[in-house]
Every structure is written in structure tokens, then in C-alpha cells.
Amino acid sequence: MSIRVTVWNEGRHEQRSERVRSVYPDGIHTVIAQFLSAQGFAVRTAVLDEPEHGLTQEVLDNTDVLIWWGHMAHKEVSDAVVERVYQRVLDGMGLIPLHSAHFSKIFKKLMGTTCNLRWREVGEKERIWVVEPGHPIAAGLPPYFEVPQVEMYGERFDVPAPDTLVFMSWFAGGEVFRSGCCYHRGNGRIFYFRPGHETYPIYHQPEIQQVIVNAVKWAAPNNGHLPVFGKVDPLEPLA
Ligand code: ZN
């Protein structure tokens, strides 16, 4: 069965900015959904303005990997939906927060830190280095690739040390950033990926699409058993 992906987008910049609409006329989620569908994943989309933000229990129960893009409306995401997503991650659903989702309620809850960082928006170049070339999320990528115009994110990025760091970014202005971070929480896998400012055509770039495709495959549940906690009887007779 193909991996079931839900691409969630807050969707506000596209409504309010002509400049953003010129890059993503049908929304950031639509572009991401299209290149994932082309890989054979079973893809649906959901946006903030839908009832329950499009993330009902039924949708989440039928989602293997949830991709999250949000920026200006993190506070409008209901705590009940955040809790529902959180429980699904602990039960094994993959989560891929993109770019400004570093400040989403769900990512902050899963990390337990501020997730704050330094930033600058002047359209400088980013060079993304693959620092773990044997990792599945680096499959098919060269030693580094560049994004011509980005919003800069700089260290310190206030997150726990990742279980695996796959990408490290350098920016023309001099900063560096841990831009591809893998985490395990409960049975779930989380991959934070930095690129994706809404005014640049970053999700149209082939290398970026390759990373997200790889990340979906990595983050999908492996059908491992759900652990049972609490008091237990011994497996062997004890004297
Ligand atoms: Zn941004």
C-alpha cells in the first residue's frame, strides 16, 4: 500500500499577498502535494480554515506522514488539534515540519524548547551541505546544493540535539544552521527541514523536492508494535 501523506498548510500568506500568490497560485500545499503524488504516494491536503483545520481524528488515523507548513497563524491552531497530532506522532505517525513551522505549537510541544532562532530576509544564497550522506533522507543528493534566494535562519536554533543531523546550511551573510534534523518521539519520527520561505519558489526546486520525498519514506511508520507499559509478570519463573 502506498504511503498516505497529508500536506497541511496554514494558507494565509497565499490569501493576503499577491507576491506569494505569484509563486504559489494554488497554495504551498498544492505544489508539495503534486510532486509527492507524482512519486506514487497517496496524498491529501488540509488547511487551517477547514473545520478542525482539516485534521479530524479520521484524517489523522489514515495519515502515515503529516507535512506541516505554517507561519503567521500558529496561535490559531487549536490546542485540541495539536494534542490529537501529538498523540498520533507518539503512536507512530511521521511528522515533517517545514521552515517557519519551527514555531508551530506541535513542533514546540514535541521538542520541549523555545525552537527560537536568528533570521534575516534579504534574499541571500543558502548552501545546504549533506553531512550524513549514508542517511536515507540524503539519497540521490550531491555533497551540497544551493538555493539562490532564501530567508536566512541562523544558530543558535534552540532545539534538542537531533538524533541525526542530515543537513547543515551556510548562508552568504556568514551564519550556519542545522537545517535537516531527525528526531524520534514515542513510535513516531520527525524530520525538521528548514528551506521554504513563502516568497521564493523553493518548493519548485528539484533538490528540495528530493529531500521531502526521501523524508516521507523515512518518516513513514514501520508497523513496529506499540509498547505496553506498567506492571508485568516475569517471563521466566523466578525462584
Ligand atoms: Zn520564512
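Residues numbered from 1 in each chain as written. Predicted model: local features only at pLDDT ≥ 70, side-chain atom pairs only at ≥ 80, totals over all residues. Heavy atoms only, no water.

A. Structural detail: the overall build of the chain. In terms of helices and strands, the chain carries seven helices and nine strands. The C-alpha radius of gyration of the chain comes to 18 Å, within 12% of the 18 Å expected for a compact globule of 239 residues. Over its C-alpha atoms, taken along the principal directions, the chain stretches across nearly 70 × 40 × 35 Å. Buried residues in the chain amount to 51% of all 239 residues. (Helix = DSSP H or I, 4+ residues; strand = E, 2+ residues; numbered from the N terminus. Rg over C-alpha atoms; globule rule 2.2 N^0.38 Å. Buried < 20%, exposed > 50% of the residue type's maximum accessible area, 1.4 Å probe, protein only.)

B. A look at the pairing of strand β5 (residues 118-130). Taken together, the eight bridges between β5 and strand β6 (residues 144-154) define a ladder with antiparallel strand orientation. Directly across from Glu126, in β6, lies its bridge partner Val147. Of the strand pairs in this sheet, β5 and strand β7 (residues 164-171) are connected by five bridges, and their pairing is antiparallel. Paired with Ile128 across the strands is Ser169, a residue of β7. (Pairing = 2+ DSSP bridges.)

C. Molecular detail of the coordination of the zinc ion. Ligation of the zinc ion by protein atoms is provided by His99 (NE2), Glu151 (OE) and His197 (ND1), these donors lying 2.0 to 2.1 Å from the ion. On the primary sequence, the residues serving as donors to the zinc ion are separated as H-x51-E-x45-H. Highlighted residues: His99 in the loop between β4 (94-98) and α6 (105-111) and Glu151 in strand β6, separated in sequence by 52 residues. Across the pair, Glu151 and His99 agree in class, each one buried. (Donors = N, O, S within 2.8 Å, 3.2 Å for Na, K, Ca; no water.)

D. Expanded view of the sheet that holds strand β2 (residues 42-47). Read from one edge to the other, the open sheet built from nine strands follows the order β2-β1-β3-β4-β9-β8-β7-β5-β6, with strand pairing classed as mixed. This sheet does not close on itself; its edge strands, each paired only once, are β2 and β6. Across this sheet, the average inter-strand angle for adjacent strands is 25 degrees, counted without regard to direction. On top of the sheet, helix α7 (residues 206-219) reaches β1 (4-9), β3 (65-69), β4, β5, β6, β7, β8 (176-185) and β9 (188-193); it is set at about 165 degrees to β9, its chief contact. (Axes fitted to C-alpha atoms, helices over the stretch in contact; angles between N-to-C directions. Contact = heavy atoms within 4.5 Å.)

E. Quick look at the confidence of the model for the chain. Put simply, the chain has an average pLDDT of 97, and 100% of its residues get 70 or more. Mean pLDDT across the secondary structure elements of the chain bottoms out at helix α1 (residues 12-16), with 94, and peaks at β4, with 99. (pLDDT = per-residue confidence, 0-100.)

F. Inspection of the side chain of His29 at higher detail. Mapped onto the secondary structure, His29 falls in helix α3 (residues 28-37). If we skip the residues at most four places from it in the chain, His29 touches Val7, Asn9, Thr45 and Val47.

G. A look at α7. Between its first and last C-alpha, α7 extends 20 Å over 14 residues, near the 20 Å set by a 1.5 Å rise per residue. Turning to α7, its buried residues are Ile208, Val211, Ile212, Val213, Asn214, Ala215, Val216, Trp218 and Ala219. (Expected span 1.5 Å × (residues − 1).)

H. View of the pattern of salt bridges. Here the structure, examined in full by the defined rule, presents 14 salt bridges. A salt bridge links Glu76 to Arg12, with the nearest nitrogen and oxygen atoms 2.9 Å apart. Linking Glu76 in the loop between β3 and α5 (79-90) with Arg12 in helix α1, this pair joins segments that are 64 residues apart in sequence. A salt bridge links Arg156 to Asp158, with the shortest nitrogen-to-oxygen separation between them at 3.4 Å. Residues joined by salt bridges that share partners form a network here, namely Arg12, Asp49 and Glu76. (Salt bridge = Lys/Arg side-chain N within 4 Å of Asp/Glu carboxyl O.)

I. Local environment of the packing of aromatic side chains. Counting across every chain of the model gives ten aromatic pairs. Note on Phe167 and Phe191: the rings are 6.3 Å apart at their centroids and 65 degrees apart in plane angle, and the pair reads as edge-to-face. Of this pair, Phe167 sits in strand β7 while Phe191 sits in strand β9, and the two are 24 residues apart along the sequence. The pair Phe167 / Phe191 is uniform in exposure class, with both members buried. For the ring pair Phe191 and Phe193, a centre distance of 5.8 Å and an interplane angle of 20 degrees mean the geometry is stacked. For Phe191, a relative accessible area of 1% puts it in the buried group. Phe193 gets classed as buried once you look at its relative accessible area, which sits at 0%. Positioned above the aromatic ring of Tyr86, the side-chain terminus of Lys109 is 4.5 Å from the ring centre. A cation sits over an aromatic face here: Arg127 above Tyr144, 5.7 Å from the ring centre. (Phe/Tyr/Trp six-rings, centres within 6.5 Å; stacked < 30°, edge-to-face > 60°. Lys NZ or Arg CZ within 6 Å of the ring centre and 35° of its normal.)

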